Every structure is written in structure tokens, then in C-alpha cells.
Amino acid sequence: MLIVCPHMQLGFDTVPVLIGPVSYLLLSKPAKGVEKTFSLLSLLPKIIPIYKEVISELKAAGASWIQFDEPTLVLDLDSQQLQAFTAAYADLESTLSGLNVLIETYFADLTPEAYKTLIGLKGVTAYGLDLVRGTQTTDLVKKDFPKGKYLFAGVVDGRNIWANDLASSLSTLQALEAVVGKDKLVVSTSCSLLHTAVDLVNETKLDDEIKSWLAFAAQKVVEVNALAKALAGQKDEAFFSSNAAAQASRKSSPRVTNAAVQKAADALKGSDHRRATNVSARLDAQQKKLNLPILPTTTIGSFPQTVELRRVRREFQANKISEDDYVKAIKEEIKKVVNLQEELDIDVLVHGEPERNDMVEYFGEQLSGFAFTVNGWVQSYGSRCVKPPIIYGDVSRPKAMTVFWSSTAQSMTKRPMKGMLTGPVTILNWSFVRNDQPRFETCYQIALAIKDEVEDLEKAGINVIQIDEAALREGLPLRKSEHAFYLKWAVHSFRITNCGVKDTTQIHTHMCYSNFNDIIHSIIDMDADVITIENSRSDEKLLSVFREGVKYGAGIGPGVYDIHSPRIPSTEEIADRINKMLAVLETNILWVNPDCGLKTRKYEEVKPALNNMVAAAKQLRTKLASAK
């Protein structure tokens, strides 16, 4: 292994960053087939020598500082896990000698026990703390901070795009300086800047008022420097004054506040918004109306977004084609998707979402209280990036968002056509959210907007409506003590969206790519008629929850194949998956569907895969009928 420090090449000091050894293990997963009782931390003695080797090479390459990220220190840790941190750094102490060592934590408060463990680690020079999401950690520092150590005070938010309140941060820093010492306090961001967009300078279409409220990664670096200089007695009065004016403008701007929306959201708190009839009675009423076979087939919503389709959308946005030509092209695409599903003999159809860019951005563009960037890309996963909307004000729905396209698609077929919506919790969790009110209040506002859309779809004759909550689990707080409150308002927000529909209107939801087993009771509490949920990619982990005795009475479609792979599953493979589901779920509630939407796939993969899916469902219907 050859390590070259950039400062040797470019002439400035850098800090190499490594995931710390304990977090590396705690965030890992045991390999398939490994006993459940296996302790990941038992591997600590095996990986410490590798860390020693890397540290020695970094030292030899000229590093003077090394940062270890140990984010798991903010989790609920038992004494054995905390002891692992103590043991690991005691073992590394002699190798770290001669280096400045920073241990960085982020995204939440530290418990008093974890803080005590952190400040007692051997060979460590500095501690990085998130003081944006870890507000109580400040109190721990004030009570007890080791003499001669550095505090990297994360006062600039690395996870959101709002401009820092410089006056407030400076006041926090001055209080900490009195505890830590002037030469030992370092001004920092709360975490890495990976989670924010890169540079506000690239945003040419945002208006000046909203722009003045924002800070992307490049601006956050400027804020950190301005705070550090102010702390050292070189305050840039003009910069601070302009920041104070922007903070005041955001508080008082009429664009932020909508009294009617606030009143409607406040009124929600008196009820839990459940549909009047229980789910089994609703499913009976829906079956009379929809007349579906057992093991009904459907897809999750999107169909392939071809190069041609993206070109049409791009040209319409750039005013290169007329609205009439755009609508005509989208209608042709919907007709193609409807015809394909009818040929494949799918039972509940989708319109394929050809008019949509991203499942959150599409709705945000049509809701008030949202702003959009041109180049505000952030990493989603792997090499996939997204442009999260910015929720800056109270949210409402000025007009119907999807009714035209869904009713157009329904007019093309006699089969049920699903209306396709993104749920309030997913819109919230996949946006940059305003930080001037609690997240649940913003979520309730979005829920009311989606409720309007659900009721308009029903009036337009759409009898099956899917409200995706892909990101429900993603918003779960890191600390278990905060889980119940989050799940209560998140599930409540979903129920708000559909509590007003008739029994005969079938409400679906969809969840993908997350471990849902530990929140299954909250999912049941959402009270959807049908849930389609990822199952294949995670190697059928979902089914284990039903094997362990959880009863589920609503419709459920655990995905029968992984859409993130170009591999085409055979009819036999899909039939085998369905049989595994039938072993733990009642026949009359089981749906057959892929894991997720199909927009990232090609038609030459989608057609045979769906053909095999339908064939497997039909094969098992015949088998079940003959068994009766």
C-alpha cells in the first residue's frame, strides 16, 4: 500500500480521514449464513493491526493530523460496545504517537456515558462534536472538558442548506471558548459537507431573497472562516450585518407564512385520522368493485425512462416544443405502457410516470412553499445523485397535480389504473427541510396537500391510489428514545392523506430498500389497504417477520424480483418466491409485483421479466384452484 499525502504535492496541509475501527465493525453486517450470535466486535483484534499499518504509512508520508470518524458513538451503546472504543484506541496509542488525532462524531447528541468514553480515549488530541443536531452535547462540554485537548465545534450545519445564524453561533463559541481555552477551540461544520449542494454561485434561477437565506458547501466554508476570525477578534462587521439582515428577512417574509395552512395543520392534532371501517371490510368492498383474481399482479409505478422520453421533457422545459406537442408525446407514451400491460395481462395497471423527473421533485414543483435549484445535486447512493427541493415556507397545493394524467390513462383501459403519489414523509425526508419549525409540522402541511390530491383522484374515478412512503424508515432518529415520537407523527401523516376516501377506494403504499422488520407494527398502523414492499434484493428478510408470528391482515405484495439488476428472473424462480410467501401469508391478501419501480431498466429487460411474473402468478392460481 502506497500512501501519498496531497500536501506534499500541492503545498498545503490536509487531514486524512478514516472510518474509525469500532464504527467500521458496528456498521458492518455479518456475512450470509453467519450465526446470529456472532459478535462483530470480536473482529477488533484482527483489524487493529491493519489500522496500525495505515497510520504508519500516513505518518511516513508526512501527515501531521489524522481524523477518525466514529459516528456510532451517538447511538444507544451498551457498556461492552463503549469498552471496545477504549480498548481500540489504547491499542493504537503507541502507533498514533507524534500525530494529532481527531475523533469526529456527528448527527446526534452523545449520551453522558459515550461522552465520558470519548474524552477518555488514549492517544487522542481533539474531539469533533455536532452542535447543530447535538445541542445537549454543549452542556456536557461545559460540565467537563479535558485540559489541553482541542474541541472541533460543529456549529455550521453540514446537512442542510440554510445560512448560519452567525450571531447565535458566535455566542455559542464564546461560551465554549471560556471552557476549552482560546487556542484549543476550532470552528467547524457539524459533519462533512457531502450532504449539501456544492456552490450557491451556480444557482442562476433562484431569486435573490431566497438565495440570501441559503448557504451551500462553498458558502459554509466562508461561514466557518468568518466565525473563526470573529472569535479571534477580527470580526467582518459587513458580513455579519448582511447575515443578520437575511435572518430577519426569512423570519418576516410573507412568502414563508400562510395563516390558512397553519390553521389547518394545527386542527389536525385532535384526531388520529383513521378510516371509519376496518381493513378487512374495506378489502371486501374493494373486491366487489375491482373483481381481481387471487394473487393479483401489478407494478410499482414507473416504466423505463427512455432517452427519447427524457429528450421530450427537456425540450418542453427549454420551450423548444409546444405544450400541445409535449402532451401529445406523453399521451402516446402512456398509451404504449397501458397497451403493454394489457398484453402482459397485468391486473392493476400504472400509467408509467413518463411526465415525471424525480418522485419528490415532481410534486415539489407543483406545491407552494418549495424552491428548486438548477445545480444543487447531492449524492443519493453509489453514483446516483438527486436535486432535493428546498422547503422554505408553509406548504399547500394550488391545483391538482396528477389527476389529468391518471384519468387520461384510466380512459385508455377498462382495468383499474393506479393513481400514483409520493407520500408526505418521503417528500419531507428527501427534501432540504426548513429549520424554523419542527419537522412534523411541515409534514402535516404536506399531508394536507396530498389529501386534497387523493380526494380529487377519487372524484375523477380513480379507484386505486398508491401513496409511496419509500423513505418512512429513513427518517427514523438514531436514538431509540426518539423512535416512538417520530413513528407516531410519520404514520399519522400518512393516514391524514387518505382518511376521507370511500371504502371502495383502495389505498396502496410502497416501501423499498430498507430493513422494515423492526417497524412492522408502525407499518400495520398506517392502515393502508395494500402495501407493496421490497423483499427480493434483501434476500427475503421481510418474510422472516411473518414467520416469527406477526399477523398482517391487509393486502401485501413482497417484491418477487430485484429491479436493480438487469438479470431476468425465470417463471420458476418467481413461482418459488411466491410459494415462500404463501407459506407465511394468507392467499387472499397476497399481491405479486416487482421490488420497486422500473424507470432505471430497459424495455428488453422489463418485458420478459413481467411476462414471467404474470406467468408465475397464473401458474399458482391454477394450482391453488385445483387444490380446492
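Scoring rules and cut-offs
Residues numbered from 1 in each chain as written. Predicted model: local features only at pLDDT ≥ 70, side-chain atom pairs only at ≥ 80, totals over all residues. Heavy atoms only, no water. UniProt positions renumbered as here; feature names shortened; annotations may be inferred. Helix = DSSP H or I, 4+ residues; strand = E, 2+ residues; numbered from the N terminus. Rg over C-alpha atoms; globule rule 2.2 N^0.38 Å. Buried < 20%, exposed > 50% of the residue type's maximum accessible area, 1.4 Å probe, protein only. Contact = heavy atoms within 4.5 Å. Areas by Shrake-Rupley, 256 points an atom, 1.4 Å probe, with all protein chains shown as cover. Lys, Arg positive; Asp, Glu negative; His and termini not counted. Charge placed at Lys NZ, Arg CZ, Asp CG, Glu CD. Phe/Tyr/Trp six-rings, centres within 6.5 Å; stacked < 30°, edge-to-face > 60°. Domains from an automatic or database assignment. Buried area = accessible area lost by both parts, 1.4 Å probe. Salt bridge = Lys/Arg side-chain N within 4 Å of Asp/Glu carboxyl O. Polar contact = N/O pair within 3.5 Å; in protein donor to acceptor, adjacent residues only side chain to side chain. Nonpolar A, V, L, I, M, F, W, Y, C, P; charged D, E, K, R; others polar. Pairing = 2+ DSSP bridges. Axes fitted to C-alpha atoms, helices over the stretch in contact; angles between N-to-C directions. pLDDT = per-residue confidence, 0-100. Parallel < 35°, antiparallel > 145°, perpendicular 65-115°, else oblique. Left-handed = near helix turned anticlockwise from the far one by under 90°. Right-handed = clockwise from strand over helix to strand, strands pointing away.

- For the protein chain, the name recorded in an unreviewed UniProt entry is 5-methyltetrahydropteroyltriglutamate--homocysteine S-methyltransferase, with Gossypium klotzschianum as its organism.
- Under the Function (unreviewed entry) heading, UniProt states for the protein chain: "Catalyzes the transfer of a methyl group from 5-methyltetrahydrofolate to homocysteine resulting in methionine formation."
- The Pathway (unreviewed entry) comment attached to the protein chain in UniProt states, word for word, "Amino-acid biosynthesis; L-methionine biosynthesis via de novo pathway; L-methionine from L-homocysteine (MetE route): step 1/1."

## Side note on the overall build of the protein chain
Okay, step 1: Helix and strand counts for the protein chain stand at 23 helices and 15 strands.
Okay, step 2: What you see for the protein chain is a C-alpha radius of gyration of 27 Å, in line with the 25 Å of a compact globule of 628 residues.
Okay, step 3: Relative to its full complement of 628 residues, the protein chain shows a buried share of 54%.
Okay, step 4: A fraction of 78% describes how many contacts in the protein chain between residues 6 or more apart in sequence connect residues 24 or more apart.
Okay, step 5: Total accessible area on the protein chain stands at roughly 27,900 Å², and carbon and sulfur atoms take up 52% of it.
Okay, step 6: Positive and negative side-chain charges of the protein chain, numbering 73 and 76 respectively, have mean locations separated by a distance of 2 Å.

## Considerations on the packing of aromatic side chains
Okay, step 1: Evaluated as defined, the whole model comprises 15 aromatic pairs.
Okay, step 2: Between Phe440 and Phe485, the ring centres sit 5.6 Å apart and the planes meet at 85°, which makes this aromatic pair edge-to-face. You can see Phe440 sitting in helix H18 (residues 439–459) and its partner Phe485 sitting in helix H19 (residues 483–498), a full 45 residues away along the chain.
Okay, step 3: Residue Phe440 is classed as buried on the basis of its relative accessible area, which comes to 19%.
Okay, step 4: On the basis of an interplanar angle of 45° and a centroid distance of 6.5 Å, the ring pair of Phe440 and Trp489 is categorised as tilted. In this pair, Phe440 is assigned in helix H18 and Trp489 in helix H19, connecting sequence segments 49 residues apart.

## With respect to the domain arrangement of the protein chain
Okay, step 1: Assigned domains within the protein chain: domain 1 (3–28 + 37–192) and domain 2 (259–269 + 277–303 + 344–357 + 396–627).
Okay, step 2: Centre-to-centre, using C-alpha coordinates, domain 1 lies 41 Å away from domain 2.
Okay, step 3: Across the domain 1 to domain 2 interface the summed buried area is about 820 Å²; carbon plus sulfur atoms make up 56%.
Okay, step 4: Between Arg479 and Asp76 there is a salt bridge, with the nearest N and O atoms lying 3.4 Å from each other.
Okay, step 5: Across the contact surface, domain 1 and domain 2 share five residue pairs in polar contact (both at pLDDT 80 or more).
Okay, step 6: When grouped by side-chain class, the residues that make up the side of domain 1 that touches domain 2 number seven nonpolar, two polar and three charged.

## Things to note about the sheet that holds strand S12 (residues 464–468)
Okay, step 1: Across the sheet, which stays open at both edges, the five strands sit in the order S11-S12-S13-S14-S15 with parallel pairing between neighbours. For this open sheet the edge positions go to strand S11 (418–422) and strand S15 (555–558), each flanked by a neighbour on one side alone. Each neighbouring strand pair of the sheet contributes to a mean axis angle of 20°, computed without reference to strand direction.
Okay, step 2: The pairing of strand S14 (residues 530–533) with S15 spans four bridges and is parallel. The residue bridging Ile533 from the neighbouring strand is Pro558, located in S15.

## Notes on the confidence of the model for the protein chain
Okay, step 1: Chain-level statistics for the protein chain give a pLDDT mean of 93 and a share of 98% at 70 or above.
Okay, step 2: Residue range residues 1–8 is modelled with pLDDT below 50. Its contacts to residues more than four positions away, or to other chains, number 24 contacts.

## Observations concerning the packing of H18 against H19
Okay, step 1: H19 packs onto H18 with a crossing angle of 20° between their chain directions and a minimal axis gap of 7 Å. As the angle between them shows, H18 and H19 are arranged roughly parallel. For the pair H18 and H19, the crossing hand works out as right-handed. Here H18 contributes Arg439, Phe440, Cys443, Tyr444, Ala447, Leu448, Ile450, Lys451 and Val454 to the contact with H19, which in turn contributes Phe485, Trp489, His492, Ser493, Ile496, Thr497 and Asn498.
Okay, step 2: Here the contact of H18 with H19 is built from residues that sort into 10 nonpolar, four polar and two charged.

## A few points about the pairing of strand S6 (residues 185–189)
Okay, step 1: Of all five residues in S6, four are buried, a share of seventy percent or more.
Okay, step 2: Bridge analysis of strand S5 (residues 150–156) against S6 gives five bridges, and the strand direction is parallel. Residue Gly154 lies in a different strand from S6, and its bridge partner there is Ser188.
Okay, step 3: Taking the sense of rotation as the criterion, the β-α-β connection linking S5, helix H7 (residues 166–180) and S6 turns out right-handed.

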